[in-house]
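# Commentary on secondary and tertiary structure
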Protein chains: 2
Amino acid sequence: MKAYQNMTYDELLSEKEALEAQYKEVKEQKLNLNMARGKPSKAQLALSMPMLDILNSESDIMDDEGNDCRNYGVMEGLLECRELIGSLVGVPAENVIMGGNSSLNSMYNTISRSMTHGVNGSTPWCKLDSVKFLCPAPGYDRHFAITEFFGITMITIPMTEDGPDMDMVEHYVNTDPAVKGIWCVPKYTNPQGYVYSDETVRRFARLKPAAEDFRIFWDNAYCVHHLYEDKQIEIPEILSECAAAGNPDMVYEFISTSKITFAGSGVAAIASSKNNLDFIRKQMTVMTISHDKMNQLRHVRFLKDAANVNAHMMKHAEIMRPKFEAVLQVLDEELKDLEVGSWIKPLGGYFISFDALEGCAKAIVAKVKEAGVIMTGAGAAYPYGKDPKDSNIRIAPSLPPLEELVSAAKVFALCVKLVSVEKYLSEKASETKAG
Amino acid sequence: MKAYQNMTYDELLSEKEALEAQYKEVKEQKLNLNMARGKPSKAQLALSMPMLDILNSESDIMDDEGNDCRNYGVMEGLLECRELIGSLVGVPAENVIMGGNSSLNSMYNTISRSMTHGVNGSTPWCKLDSVKFLCPAPGYDRHFAITEFFGITMITIPMTEDGPDMDMVEHYVNTDPAVKGIWCVPKYTNPQGYVYSDETVRRFARLKPAAEDFRIFWDNAYCVHHLYEDKQIEIPEILSECAAAGNPDMVYEFISTSKITFAGSGVAAIASSKNNLDFIRKQMTVMTISHDKMNQLRHVRFLKDAANVNAHMMKHAEIMRPKFEAVLQVLDEELKDLEVGSWIKPLGGYFISFDALEGCAKAIVAKVKEAGVIMTGAGAAYPYGKDPKDSNIRIAPSLPPLEELVSAAKVFALCVKLVSVEKYLSEKASETKAG
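In what follows, the accompanying structure is described.

What counts as what
- Residues numbered from 1 in each chain as written.
- Chains lettered and ligands numbered in written order.
- Predicted model: local features only at pLDDT ≥ 70, side-chain atom pairs only at ≥ 80, totals over all residues.
- Heavy atoms only, no water.
- Helix = DSSP H or I, 4+ residues; strand = E, 2+ residues; numbered from the N terminus.
- Expected span 1.5 Å × (residues − 1).
- Buried < 20%, exposed > 50% of the residue type's maximum accessible area, 1.4 Å probe, protein only.
- Least-squares fit on C-alpha atoms with pLDDT ≥ 70 in both.
- Contact = heavy atoms within 4.5 Å.
- 1 Å grid on protein atoms, 1.4 Å probe; cavity = no way out; pocket = protein on both sides within 12 Å on 5 of 7 lines; lining within 4 Å.
- Points joined across faces, edges and corners; volume = space filled by probe spheres on them.
- Nonpolar A, V, L, I, M, F, W, Y, C, P; charged D, E, K, R; others polar.
- Pairing = 2+ DSSP bridges.
- Axes fitted to C-alpha atoms, helices over the stretch in contact; angles between N-to-C directions.
- Core = buried A, V, L, I, M, F, W, Y, C linked by side-chain atoms within 4.5 Å.
- Phe/Tyr/Trp six-rings, centres within 6.5 Å; stacked < 30°, edge-to-face > 60°.

## Some details on helix α10 (residues 274–287) of chain A
Taking 1.5 Å of rise per residue, 14 residues should cover 20 Å, and α10(A) covers 19 Å from first to last C-alpha, within 8% of that figure. For α10(A), the complete set of buried residues consists of Asn276(A), Leu277(A), Phe279(A), Ile280(A), Arg281(A), Gln283(A), Met284(A), Val286(A) and Met287(A).

## Focus on the relation of the copies chain B and chain A
Between the two copies of the chain lies a rotation about an axis combined with a shift along it. In the superposition of chain B on chain A (RMSD 0.0 Å, axial shift 0.0 Å), the rotation amounts to 180°. Here the transformation between the copies is reduced to the relation of a two-fold axis. The C-alpha atom lying nearest the rotation axis in chain B is that of Asp53(B); the distance is 2.3 Å. Mapped onto chain A, 100% of the interface residues of chain B are again interface residues, and the two copies thus contact each other with one and the same surface.

## Quick notes on empty space enclosed by the protein
According to the stated counting rule, one finds 14 cavities of 30 Å³ or more in the structure shown. There is about 420 Å³ of room inside the largest cavity. What lines the largest cavity is a set of 34 residues, and nearest its centre among them are Gly99(A), Gly100(A), Asn101(A), Asn105(A) and His291(A). Contributing elements (two or more residues each) for the lining of the largest cavity: β2 (96–98), α5 (103–117), β9 (268–271), α10 and α11 (293–303) of chain A together with α11 (293–303) of chain B. With 5 residues, α5(A) is the largest single contributor of residues to the lining of the largest cavity. Here the residues of the lining of the largest cavity are counted per class, giving 10 nonpolar, 21 polar and 3 charged.

## As for the layout of surface pockets
Residues and elements named next belong to chain A. Considering only enclosed or pocket space, the largest pocket measures out at about 300 Å³ in volume. Together, 18 residues line the largest pocket, and Ala-137, Pro-138, Asp-355, Tyr-382 and Lys-389 are the ones closest to its centre. Elements with a minimum of two residues in the lining of the largest pocket: β4 (153–160), β10 (341–343) and β11 (352–356). Within the lining of the largest pocket, the residues separate by chemical class into 9 nonpolar, 6 polar and 3 charged.

## What about the sheet that holds β11(A)?
Residues and elements named next belong to chain A. Pairing is antiparallel across the open sheet formed by 3 strands, whose spatial order is β10-β11-β13. In this open sheet, the two strands that pair with only one neighbour each are β10 and β13 (392–395). When the angles between neighbouring strand axes are averaged without regard to direction, this sheet yields 25°. Pairing of β10 with β11, which is carried by 3 bridges, proceeds in the antiparallel orientation. In the strand pairing of β11, Ser-342 is matched with Asp-355.

## Comments concerning the nonpolar core
In terms of nonpolar packing, the biggest core is built from 228 residues, with Phe204(A), Phe412(A), Phe204(B) and Phe412(B) touching the most fellow members. Leaving out residues up to four positions away in the same chain, Phe204(B) has contacts with Pro164(B), Met166(B), Val169(B), Ile182(B), Cys184(B), Tyr196(B), Ile216(B), Trp218(B), Ile238(B) and Met250(B). Ile152(A), Phe217(A), Tyr252(A) and Phe149(B) belong to the second-largest nonpolar core, a separate cluster that totals 63 residues.

## Brief notes about the packing of aromatic side chains
Within a pair of aromatic rings, the relevant descriptors are the distance that separates the centres and the angle that separates the planes. Counted according to the given criterion, the structure contains 30 aromatic pairs over all chains. Here Phe204(A) and Trp218(A) contribute two aromatic rings whose centre-to-centre distance is 5.7 Å and whose plane-to-plane angle is 80°, an arrangement assigned as edge-to-face. Of this pair, Phe204(A) sits in helix α8 (residues 198–205) while Trp218(A) sits in strand β7 (residues 215–219); the two residues are 14 residues apart in sequence, bridging distant segments of the chain. Ring centres 5.3 Å apart and planes at 70° place the aromatic pair Phe217(B) and Tyr252(B) in the edge-to-face group. With Phe217(B) in strand β7 (residues 215–219) and Tyr252(B) in strand β8 (residues 251–256), this residue pair connects regions lying 35 residues apart in the sequence. Judged by its relative accessible area of 0%, Phe217(B) is buried. Since its relative accessible area comes to 1%, Tyr252(B) is described here as buried.

Here it is as C-alpha cells:
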C-alpha cells in the first residue's frame, strides 16, 4: 500500500471511509483490553510460585550470619541477599543496602531525604530557591511524578539510541549548580528499550558537576530483563566507573526484583558508595527497624545466584518475546508501508515505543480507548505529561494473553491509520483553501 | 531488710562490701544477656510459623475482590486486610490504608510529608520558623528520634497512670500554633504499661488546637497485646471520639502486626479520616505502586478475624506473662524492702518501667552492662535522650528465655542496690563533712 503522505485527497478520503467502517465494527465488539502498564502476565507470575512456600513450617529461618529472620534487626538487609542483588549489577554486597518492596519507594525516599536533609551534609534542597532535575525523555512517568511532587524543575533531555543527549547533560550538569540530579534507566530504557552505550556510561562517570550534591539516579530496573538468550546486552558498572573517574559518590543505583519474582512483593535495593550509604543509614535508623527479611530470605533461597536468576529470566523471556514479536509484526504489517509512524525493536525491558506523526498521539490513544483498549496516556513519558511533539505512545505488551494482545495491537494500528489519515486530509484541505 | 535510707553509714558500708563481692562473682560468669529491646522471643515467633506456607504453590492468590495479589496495584492494600486491621481497633475498612512492614515507617512518612507538603494544604512545616511536638515521657525512643531527625522541638509532658498530663497537653495544644503534634501510645504505654483512661481519650478528642495542622499521632502499637485473658483493657475508639467532638481530622492512628506475627515481616496500617487519607493517597500514588499484598493476604488467611487474633494473642500472653511475673518477683524480693526504686505491674504491652533513685539510672545501666547484661540506655525514653531525673530504666522481658531473664533481672537488682548504696554513702559522707 501507498504511503499516506503520497496519497491524493480522494485516496485519503476513501481510505478514511474504509477505516471508519472497520473502526465501527471493532467498537461493536465491545473489547476490554489493556496495554497500559508494564505488569507481568499470569504466566510470568506463575514462574515464581515455588518461592511462596520455600519457607515453610519446618524451615530453617536463620540466615547465613545466624540472624533469626523472623525478628527485628539487620537494618541493611541480609548479607546473602545484598550479595545476590549486588551480583545482578556487578556491585559487592558492602555497597548494597536492601530496601522495602519497591525501588520506586527508595527513589522517593532519596529525593525526600535530600529535600529535608540535603545530600551528605549539603543544604537541604527545600531551603534552596531552585532545584532542577534532568529528565531524559521519553522516560518513566513515575520518576517524573516524584520530582514534580517535590516541586523540582524538570528539564527535558532528548533521548538517542545511545542514551540521553550527553552534550546537553554535560552542559547542564557541569555549569548549573541548581541541577541536582538526573533520572536514568540505563538498560532497556522505559519506554524505548534503548541501552546506554559504553561511551554514554563513561561520559556520565566523567561529569564534573557544578553542584557538590548532584547525583545520578541510576534506575537499573531492567538489568536482567533480556528478551533474547543470545542478545544479552551488558553495560559498564556505573559505581566503579564513577569511582575511577574521581566521582565515587555521584551515583545512586536502584534495583528491584518486582519484575523477577512478584510485582509489588519483591525486594528492592540501593547500591552506592560508602559515603552515600553512611548518610542513608543515618536516615534508615530513624525510619525503620528493618525491612522484611523473611521476603529477602525467600528470594535468596529461590533465586540462589546470578546464573540462576538469568535462567529464571530466560523463562520470562520465553513468555515475553512472542508478545513483543506479535506486536511488532502487527505494526510492520499494518503501518510500515503507510509511513505513519516509527518504532523500535527492543532486546529487553517491558515496552515498545511508538512515534506517531506529530500531533497525533493524544488523538490515537483516545480513539483506542473509545474502542475498548487502554494504553498509557499520551505524553506520560515526558516531564509534566507534555510531549512537545504529541507523538510518543508507549505500548506495554506484557500483561494481556497473546491473542488479546494481537487484537489490541490491531485496534491500535487501525487508530493510528485513522488519525493519520485525518491529519493528512486536514492538511490537504488547508492547502486547497490556501491555494 | 532495712530500707537503705534508714541505714547508718557503717551499715551501708558493709552492705556495699557484700554487694561488691556478689558483683565480682557475677562478672566472673561472663554473662551475655539482653533485656534491651521489645523483641518477641523464639517461642512467640514459632506461633506464626503456619503463616509461612499458608500461601503455597497451589494457593488461590486472588483476594476477595478478584485482584491477583502477585501483581502491581491495589495501592491502599487488600480490602479484606484493611477490614481485619480496622477490626482490631474498631475502625471501618474505609478509614484504613495499609502500609509496608513497619508502622514506624508510616509515622516517619507522615512527619516527612508534613515537612515537605504540609497537612491537607497547610504550609509545609519546613517553611515554618518553629515546629513543636509534645512528647509524653517516658515514651518510645523511636518516636522521639523521628521528631529530632526533622529538627522539631520536643516538649516533655509528664505521664500519669491515666496517660499524659492533660492539663499541660491542653495548655500547649490550645494556645501555641507552633505545636503540630503529640506522640501517643494509648494502650499499654511504652515503657510504663499504663492505659489512657476514658477521660484522657475524650480530653484528647475535645482539644481545640491553635494550629489547624495539629495532629495526634496515636500509635496503637499494643492494641491487642494483653497479658491476661481476664484483664483485657479497652479504650474508647479515638477516630469516632474526635469526629463526635467536632475534630474529625485530628488524629492519625498507627497499627502493626509486627508483634502479632513476625517482627519486621508483619503488615502496618494507618487509620484516619477521609480527608486525611485523601491527602495521604496523593503522596502514596507518587511514592509507591503498592505495598506487599502477598504478605497482606498471608496475614488475612492466617489471622482471619479479630476473635482469632485475640486467641492468637492469648498464646503470646501465655509465653510473655511468666516472664513479666518472674521479673516482677525478682524486683519484689530483692528491692521492695530497700526502698530503692519503684515499678509498675503492667497488664499488657512489652515493658516494665523501673524508676530508680534520682541520679542513679545511668550508673545502674552501665554497671549492668559491665556485668554482661544489655538494657535500653538510661534516658532513652525521654526527648533528646535526657531523663531530667536520671531515674527511669526500661526493662524488656520478652526476648530472653525465662531462665536467662531471671539471671538478668537478678543482675539488674544487684546493680540497683549497689548504685543506691553508693548514692546514700556519698550523701552521708557529704552530711558528715558538712557537719
